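Structural features, examined
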Amino acid sequence: MKIEVLPLAPAELRPKPTDEKALGFGRHFADRMFVMEYASGGWRNARIQKYQPFSLEPSAMCLHYAQEIFEGLKAYRTTDGRVTMFRPAMNIARMNRSAAALQMPQLDPDLFLRALKDLVALERDWIPTTEGCSLYIRPTMIATDPFLGVRPSDTYLFFIIVGPVGAYYPKGFVPVSIMVSENHVRAVRGGIGASKAAANYAASLAGQAEAKKAGFDQVLWLDGVSRKYCEEVGTMNMLFVLDGTVVTAPLEGGTILPGVTRDSVLRLLRDVYKTKVEERPLPIDEVIEGATTGRLQEAFGCGTAAIITAVSEIGYQGRKHKVGNGGVGPIARKLYDDLVGIQYGRKPDPFEWVERVWP
Ligand code: COI
């Protein structure tokens, strides 16, 4: 399918933020977006047009039953001025898995990749140049049938919006405190925890609020059945370093989001650093015991938005437990430096993760 590029008048171009240090996350959006519609069993009308409000029926199904999925990835301005993306094929494949899980239509991976590249190339002047800043890309699919019965919609809208972002956390690369939620869970076996479904993020808000109220930055989720095993942290995958071995929750149970950063981190750890990695259910009791005995050397979250977030302290059952010396540990620091180095073209890209966009 051809992607039509609709012209924008010079007067329609908006001023770009000038202070890259004050960008924040998810507040600014570029001039153009990609849009296409699904009806009668096929996608149509692929176009890059002005970023503007949609007109939706108040009865549109996405507004009622959360049949909505999204993705998050970034485009970078490399140190030598090129424009790249990081492992977009993984986001494309995950979006199609999320679509299948929520009974939504599949996207043609080639068209999806072209849409990403064409949009980012057209909007390249919106990409910040400061390292640590990038162009965040948010592909989204929503159900649009004007209907209140509960069933999969027959019509959908797929769109991609992009915007310049700085660091996800306003405090920068500083460790955060996390609280283990004993009242809330993020996902259960047989549910949609492995999908990037908007509903998962709505389900996370109460647990996050509970942690904030107790004075912590983020929430650590336990599994939804035994409430015993560590799953994710906030909106990120979670890793622990116990006696030099990196341990993270396995994907098999279907409750963990298969993160692109998670996969990249595990690859670097196993194949480049030759660090021992275990993907296994990790009891919170083992983590707390490790914090007490000193076996727990580091704990950190990873995701596209924040890349790596070190954890300084874990709250559990009303007590606080310090992780390592409470600072950013050497493994978290090295992973951050290497990932950012690869993304900005400063370091070799041994796994060919970097996708050329422009020129
Ligand atoms: C990420 O870590 O990339 C996320 O999933 C956060 C995003 C929903 C803002």
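Residues numbered from 1 in each chain as written. Predicted model: local features only at pLDDT ≥ 70, side-chain atom pairs only at ≥ 80, totals over all residues. Heavy atoms only, no water.

1. What about the overall build of the protein?
Helix and strand content of the protein: eight helices and 18 strands. Relative to the compact-globule value of 21 Å for 359 residues, the protein shows a C-alpha radius of gyration of 21 Å, a close match. Dimensions of the protein, computed from the C-alpha atoms along their principal axes, are close to 65 × 55 × 35 Å. The buried share of the protein, taken over its 359 residues, is 53%. Carbon and sulfur atoms make up 53% of the accessible area of the protein, which amounts to about 15,900 Å² in all. (Helix = DSSP H or I, 4+ residues; strand = E, 2+ residues; numbered from the N terminus. Rg over C-alpha atoms; globule rule 2.2 N^0.38 Å. Buried < 20%, exposed > 50% of the residue type's maximum accessible area, 1.4 Å probe, protein only. Areas by Shrake-Rupley, 256 points an atom, 1.4 Å probe, with all protein chains shown as cover.)

2. Digging into the nonpolar core
In a soluble, globular protein the nonpolar side chains are often hidden away together inside. Ranked by internal contacts, the top residues of the largest apolar core, which has 47 residues, are F34, V120, I137, M141, F158 and I160. Every element with two or more residues in this core is listed here: β2 (32-39), β3 (42-50), β5 (73-77), β6 (83-86), α2 (88-101), α3 (109-122), β7 (134-143) and β8 (156-165). Setting aside chain neighbours within four positions, we find F158 in contact with F34, V35, M36, W43, M95, L107, F112, P139, T140 and M141. Of all hydrophobic cores here, the second largest spans 26 residues; its members include Y76, V260, V277 and I307. (Core = buried A, V, L, I, M, F, W, Y, C linked by side-chain atoms within 4.5 Å. Contact = heavy atoms within 4.5 Å.)

3. Digging into the pattern of salt bridges
Side chains that carry opposite charge are capable of pairing whenever their charged atoms lie near each other. Taken as a whole and judged by the stated rule, the model has 21 salt bridges. Between R262 and E279 there is a salt bridge; the shortest N-O distance is 2.8 Å. With R262 in helix α6 (residues 260-272) and E279 in strand β14 (residues 277-279), this pair connects stretches of sequence that are 17 residues apart. Classification of R262 by relative accessible area gives buried; the value is 4%. By relative accessible area, E279 is classed as partly exposed at 33%. (Salt bridge = Lys/Arg side-chain N within 4 Å of Asp/Glu carboxyl O.)

4. Points about the domain arrangement of the protein
What the domain assignment reports for the protein is domain 1 (4-165) and domain 2 (176-343). Put simply, the middle of domain 1 and the middle of domain 2, counted by C-alpha atoms, are 28 Å apart. Taken together, the contact between domain 1 and domain 2 spans 23 residues of the former and 21 residues of the latter. Together domain 1 and domain 2 conceal approximately 1,700 Å² of surface at their shared face, both sides included; 62% is due to carbon and sulfur atoms. When the buried surface of domain 1 facing domain 2 is broken down by residue, F70, F86 and R94 rank first, second and third, together holding 34% of it. For the pair domain 1 and domain 2, the interface holds one salt bridge. Here D263 and R87 are joined by a salt bridge, their closest N and O atoms 2.9 Å apart. At six residues, the largest contribution of residues to the side of domain 1 that touches domain 2 is made by α2. Among the residues forming the side of domain 1 that touches domain 2, the class breakdown is 11 nonpolar, five polar and seven charged. (Domains from an automatic or database assignment. Buried area = accessible area lost by both parts, 1.4 Å probe. Nonpolar A, V, L, I, M, F, W, Y, C, P; charged D, E, K, R; others polar.)

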